[in-house]
Amino acid sequence: MSQTNQEHDRLEQSLIEVAVESWRFSRLFGKVVNKLDAGEAGRYLSQLRYFQKKVEDNLALSGLRLVNVEGHPYDPGMAASALNLGDFGPDDVLLVDQMVEPIIMGSDGLRKQGTVMLKKVEV
């Protein structure tokens, strides 16, 4: 691998790590803002959406995007590992309850696998 390719890979990996940490911070900030009264929360939610849009736009410039599968049916083939998969039986219908880390996709496919928590669908 050439030095230029190695440098590109290091830069992409750094960008991915910053994106994941930004995603985590955004989730935490959103939870805190939701505890504020409606008048005060609106301004902060606007700032949060602006920040998230800037992160997404800059990732797109590098051919990357965050993928959130919360609320989707769990598929063992999805690009995310489930932390609590062992808590369920083989016949349970599962749903992605929470993303712990987002999936990062690039123009050439998966760049970073996500991490999820599952819940059983009550039928």
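To start, this report covers the structure provided alongside it. (Residues numbered from 1 in each chain as written. Predicted model: local features only at pLDDT ≥ 70, side-chain atom pairs only at ≥ 80, totals over all residues. Heavy atoms only, no water.)

With antiparallel pairing, the three strands of this open sheet are ordered in space as β1-β4-β5. Both outer strands of the open sheet, β1 (64–67) and β5 (109–112), are each paired with one neighbouring strand and no more. With direction set aside, neighbouring strand axes in the sheet form an average angle of 40°. Strand direction decides the pairing type here: strand β4 (residues 103–106) and β5, joined by three bridges, are antiparallel. From the neighbouring strand, I104 faces β5, where its bridge partner is K112. (Pairing = 2+ DSSP bridges. Helix = DSSP H or I, 4+ residues; strand = E, 2+ residues; numbered from the N terminus. Axes fitted to C-alpha atoms, helices over the stretch in contact; angles between N-to-C directions.)

Moving on, we get to the packing of aromatic side chains. Under the criterion given, the structure shown has two aromatic pairs. Summarising the aromatic geometry, the rings of F29 and Y44 are spaced 6.5 Å apart at their centres and angled 75° between planes, so their arrangement reads as edge-to-face. On the criterion of sequence distance, the pair formed by F29 in helix α1 (residues 3–33) and Y44 in helix α2 (residues 38–61) is long-range, its members being 15 residues apart. Judged by relative accessible area, F29 falls into the partly exposed class, the value being 27%. Judged by relative accessible area, Y44 falls into the partly exposed class, the value being 23%. Taken together through their ring pairs, the aromatic side chains of F25, F29 and Y44 make up a single cluster. Directly above the ring of Y44 sits R43, whose terminal nitrogen or CZ lies 4.5 Å from the centroid. (Phe/Tyr/Trp six-rings, centres within 6.5 Å; stacked < 30°, edge-to-face > 60°. Buried < 20%, exposed > 50% of the residue type's maximum accessible area, 1.4 Å probe, protein only. Lys NZ or Arg CZ within 6 Å of the ring centre and 35° of its normal.)

Right, let's talk about the nonpolar core for a bit. Generally speaking, a soluble globular protein has its nonpolar side chains buried in company with each other. If you look at the biggest cluster of nonpolar residues, it comprises 13 residues, and the most contacted ones within it are V69, Y74, V96, M99, V116 and L118. For this core, the secondary-structure elements that each account for two or more residues are β2 (80–82), β3 (94–101) and β6 (114–120). For this core, the element with the highest residue contribution is β3, accounting for three residues. In this structure, I16, A19, V55 and L59 belong to the second largest nonpolar core, which totals seven residues. (Core = buried A, V, L, I, M, F, W, Y, C linked by side-chain atoms within 4.5 Å.)

Right, let's get into the packing of α1 against α2. Each pair of packed helices can be summarised by the angle the axes make with each other and by the distance between the axes. Put simply, α1 and α2 touch, their axes get as near as 11 Å, and they point 165° apart. Put simply, α1 runs roughly antiparallel to α2. Note on packing geometry: the crossing formed by α1 with α2 is left-handed. For the pair α1 and α2, the contacting residues are L15, A19, S22, S26, F29, G30 and V33 in the first and A41, Y44, L45, L48, F51, Q52, V55 and L59 in the second. Its residues assigned to classes, the contact of α1 with α2 shows eleven nonpolar, four polar and no charged. (Parallel < 35°, antiparallel > 145°, perpendicular 65-115°, else oblique. Left-handed = near helix turned anticlockwise from the far one by under 90°. Contact = heavy atoms within 4.5 Å. Nonpolar A, V, L, I, M, F, W, Y, C, P; charged D, E, K, R; others polar.)

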